[in-house]
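Here's the letter readout for the chains.
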Amino acid sequence: MENIVHRTVEVNGIKMHVAEKGEGPVVLFLHGFPELWYSWRHQILALSYLGYRAVAPDLRGYGDTEAPPSITSYTAFHLVGDVVALIDSLGVDKVFLVAHDWGALIGWLLCMFRPDRIKAYVCLSVPFGTYLARDPKVKPVDAFRAAYGDDCYISRFQEPGKMEAEMDQVGIHNVLKNLLTTRQTGAPILPKGEYGTQFISNTPDTLPSWLSEEDLAYFVTKFQKTGMTGGLNYYRNFNLNWELLAPWTGVGISNVPVKFITGDVDMVYTCPGVKEYVHGDFKKDVPTLEEVVVQEGVGHFNNQEAAEDVSNHIYNFIKKY
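No experiment lies behind these values; they were computed from the predicted model shown. (Residues numbered from 1 in each chain as written. Predicted model: local features only at pLDDT ≥ 70, side-chain atom pairs only at ≥ 80, totals over all residues. Heavy atoms only, no water.)

Moving on, we get to the overall build of the chain. When helices and strands are counted, the chain shows 16 helices and 8 strands. For 321 residues, the compact-globule estimate of 2.2 N^0.38 gives 20 Å, and the chain sits close to it at 18 Å. With respect to the three principal axes, the spread of C-alpha positions in the chain is 50 × 45 × 40 Å. The proportion of buried residues among the 321 residues of the chain is 57%. At a minimum sequence separation of 6, the contacts of the chain that also span at least 24 residues come to 77%. Summed over its atoms, the accessible surface of the chain is roughly 12,700 Å², and 50% of this surface lies on carbon and sulfur atoms. Averaged over its 28 positive side-chain charges, the chain has a centre that lies 5 Å from the centre of its 38 negative ones. (Helix = DSSP H or I, 4+ residues; strand = E, 2+ residues; numbered from the N terminus. Rg over C-alpha atoms; globule rule 2.2 N^0.38 Å. Buried < 20%, exposed > 50% of the residue type's maximum accessible area, 1.4 Å probe, protein only. Contact = heavy atoms within 4.5 Å. Areas by Shrake-Rupley, 256 points an atom, 1.4 Å probe, with all protein chains shown as cover. Lys, Arg positive; Asp, Glu negative; His and termini not counted. Charge placed at Lys NZ, Arg CZ, Asp CG, Glu CD.)

This is the structure we're talking about:
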């Protein structure tokens, strides 16, 4: 794809696949679930043409990066450690960070743990307080169950092998088509059996203009090879991360300039309480938050759906630093 270079680097005990293009200051892109480096294809081209070195890995458990079999190999510390080691391998002290969904969670933790490595952070979809806010008395999975019921996706993802079996029944093609294109708002609800017939019924018959059959086929090919377990294991560490991150309770982001971009029909933004947080206490937790952008009519995967707009927002923010 337009001279994007692919290579493998050894980071934190695993082999990681990295796609990159361009020369100049590094912009590091972190994808979410169920995505790949390919989710940033538009931004890689745009930023590389504007004088940056655009770097996008397949995260641990995804695509052509190794997927350790143990669930506990996907804790917050493993994920952040991978990225710090990747930055080291690039031969630079600091990077501009751009991240979406699970990548956004990793990005917030990077800004907490290693602000010395981040020049500025452009966060897509998942604000700081959404999953990192802590109640010392209630484990996160229990909190999700209490708020959204046993059919909430966080609850349904917990049992090893069960969700994978349901997804296999439906087929990876249908699962990815559904996840990438659904316009369902609020926390995804997955009724038991066949991956959630209510959720899958929201899948459009035709692909939206921003996702071609070729694009979908790339994702499908990679996930048919790896399966979904690696990505699901991120969710299976919510409670363990809650314990491990206890020392950082109440710690916000104060040393990294931040810009936040979301769509007004994003499933995260439309979860109960999130919109109010984004336009309220978010700034208290992240005093360096400079701007919040809400894209009209745009869903969860805004880096793909509103690719040019997102690329422009990234460039206009990071060029100041």
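Residues of helix H7 (residues 162-170) that are buried: Met163, Glu164, Glu166 and Met167. Take H7 and look down its axis: the buried residues cluster within an arc of 165 degrees, on one side only. Of the exposed residues in H7, the ones pointing more than 90 degrees away from its buried face are Asp168 and Gln169. Buried residues in H7 make contact with helix H6 (153-156), helix H8 (172-181) and helix H11 (229-235). Just beyond H7, the residue with positive phi is Gly171, at close to 105 degrees. (Arc of directions from axis to C-beta.)

This next bit is on the packing of aromatic side chains. Within a pair of aromatic rings, the relevant descriptors are the distance that separates the centres and the angle that separates the planes. Counted according to the given criterion, the structure contains 30 aromatic pairs. Taken together, a centroid distance of 6.0 Å and an interplanar angle of 75 degrees make the contact between Tyr153 and Tyr235 edge-to-face. Linking Tyr153 in helix H6 with Tyr235 in helix H11, this pair joins segments that are 82 residues apart in sequence. Look at Tyr153 and you get buried, because its relative accessible area is 10%. (Phe/Tyr/Trp six-rings, centres within 6.5 Å; stacked < 30°, edge-to-face > 60°.)

Let us look at unusual backbone geometry. A cis amide bond links Phe33 to the next residue, Pro34, at an omega of -10 degrees. Position of Pro34 relative to the elements: it lies in the loop between strand S3 (26-30) and helix H1 (41-49). Of note in this structure, Asn12 is not a glycine but carries a positive phi near 55 degrees. With respect to the element layout, Asn12 can be found in the loop between strand S1 (5-11) and strand S2 (14-21). Even without being a glycine, Ser125 presents a positive backbone phi close to 85 degrees. Along the chain, Ser125 falls in the loop between strand S6 (118-124) and helix H4 (129-132). Residue class for Ser125 comes out buried when judged on its relative accessible area of 1%.

Along the chain, His313 turns up in helix H16 (residues 307-318). Since its relative accessible area comes to 17%, His313 is described here as buried. Within the structure, His313 has its side chain in polar contact with the side chain of Lys259 (distance 3.1 Å). Sequence-distant contacts of His313, defined by excluding residues within four places in its chain, comprise Lys259, Ile261 and Val293. (Polar contact = N/O pair within 3.5 Å; in protein donor to acceptor, adjacent residues only side chain to side chain.)

So, about the pairing of strand S4 (residues 53-57). Burial analysis of S4 places 5 of its 5 residues in the buried class, which makes it a mostly covered element. Here S4 shows a buried face lined by Arg53, Val55 and Pro57 and a second buried face lined by Ala54 and Ala56. Where S2 and S4 come together, 4 bridges link them in antiparallel fashion. If you follow Lys21 over to S4, its bridge partner there is Ala54. Where S3 lies against S4, 3 bridges are found, and the strand directions are parallel. (Pairing = 2+ DSSP bridges.)

The next point concerns the UniProt feature "domain: AB hydrolase-1" (unreviewed entry) in the chain. This chain's UniProt record puts "domain: AB hydrolase-1" (unreviewed entry) on residues 25-126. Taken end to end, residues 25-126 has its terminal C-alpha atoms 25 Å apart, with 34% of it in helix and 23% in strand. (UniProt positions renumbered as here; feature names shortened; annotations may be inferred.)

So, on to the sheet that holds S6. A sheet is described by the order of its strands in space; here 8 strands give the open sequence S1-S2-S4-S3-S5-S6-S7-S8, paired in mixed fashion. A strand with exactly one partner marks an edge of an open sheet, and here the two such strands are S1 and strand S8 (289-295). If you compare each strand with its neighbour and ignore which way they point, the axes differ by 20 degrees on average. Bridge count between S1 and S2: 7 bridges; the pairing is antiparallel. When the sheet's bridge partners are listed, Thr8 is paired in S2 with His17. Helix H2 (residues 76-89) contacts S1, S2, S3, S4 and strand S5 (95-100) of the sheet and is inclined by roughly 115 degrees relative to S1. Sheet contacts for H16: S3, S5, S6, strand S7 (258-263) and S8; angle to S6, the most-contacted strand, approximately 155 degrees. (Axes fitted to C-alpha atoms, helices over the stretch in contact; angles between N-to-C directions.)

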